[in-house]
Amino acid sequence: PHRAGFYMKNTLIPLSVAYIDPEGVILEIHDLQPLDETPVEAATDQVQYVLEMRQGWFARHNLGPGVVIRTERGRLRDAFRRGP
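Report on the accompanying structure. Here the structure is a predicted model, which means the values were calculated and not measured.

**Quick look at the side chain of D21**
Then comes step 1: Counting through the fold element by element, D21 comes out in the loop between β2 (15–20) and β3 (26–32).
Then comes step 2: Salt bridges are absent for the buried D21, whose nearest opposite-charge side chain, R77, sits at 7.4 Å.
Then comes step 3: A polar atom in the side chain of D21 sits 2.9 Å from the backbone nitrogen of E23.
Then comes step 4: Those residues within four positions of D21 in sequence are excluded, and the remaining contacts are L27, Q46, Q48 and Y49.

Have a look at this one:
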């Protein structure tokens with residue numbers, strides 16, 4: 001885990017980014033504007049994953065801070081584990 005920061009250099013579409021902790025819990029969601037090079041840093045140093053989606057996607061799906069993200073393989077750490 002670390003303190004993540006994202007910016008939109010060379011990105012032409014508006015995005016929303018979710019900062020997610022090691023357990024898959026969404027900590028924060030930020031809307032980013034195309035070509036904006038101003039970094040948007042997380043408020044915490046517990047970010048393990050960042051999920052980028054088209055701007056507004058999280059709101060349209062009623063996903064916000066506190067929601068646990070999982071995959072068909074289960075927890076995020078299991079989905080990204082290397083090896084068999």
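Here the narrative resumes.
**A word on the pattern of salt bridges**
Should the charged atoms of two oppositely charged side chains come close, the side chains can pair.
Then comes step 1: The tally for this structure, following the rule as stated, stands at two salt bridges.
Then comes step 2: In this structure, the salt-bridge partner of R77 is E23, at a minimum N-O distance of 2.2 Å. Taken together, the residues R77 in helix α2 (residues 76–79) and E23 in the loop between β2 and β3 connect sequence positions 54 residues apart.
Then comes step 3: Among the residues examined, R77 registers a relative accessible area of 35% and is labelled partly exposed.
Then comes step 4: Here E23 falls in the partly exposed class, since its relative accessible area comes to 44%.
Then comes step 5: For D78, the salt bridge identified is with R75, shortest N-O distance 3.3 Å.
Then comes step 6: By relative accessible area, D78 is classed as buried at 16%.

**A closer look at unusual backbone geometry**
Then comes step 1: Phi at L35 is positive, roughly 65°, even though this residue is not glycine.
Then comes step 2: Tracing the backbone shows L35 in the loop between β3 and β4 (40–41).
Then comes step 3: Positive phi values are uncommon outside glycine, yet N62 reaches one of about 55°.
Then comes step 4: Among the structural elements, N62 can be located in the loop between α1 (57–60) and β6 (70–71).
Then comes step 5: On the basis of relative accessibility, which here comes to 70%, the residue N62 falls in the exposed class.

So, how was this worked out
Residues numbered from 1 in each chain as written. Predicted model: local features only at pLDDT ≥ 70, side-chain atom pairs only at ≥ 80, totals over all residues. Heavy atoms only, no water. Helix = DSSP H or I, 4+ residues; strand = E, 2+ residues; numbered from the N terminus. Buried < 20%, exposed > 50% of the residue type's maximum accessible area, 1.4 Å probe, protein only. Lys, Arg positive; Asp, Glu negative; His and termini not counted. Salt bridge = Lys/Arg side-chain N within 4 Å of Asp/Glu carboxyl O. Polar contact = N/O pair within 3.5 Å; in protein donor to acceptor, adjacent residues only side chain to side chain. Contact = heavy atoms within 4.5 Å.

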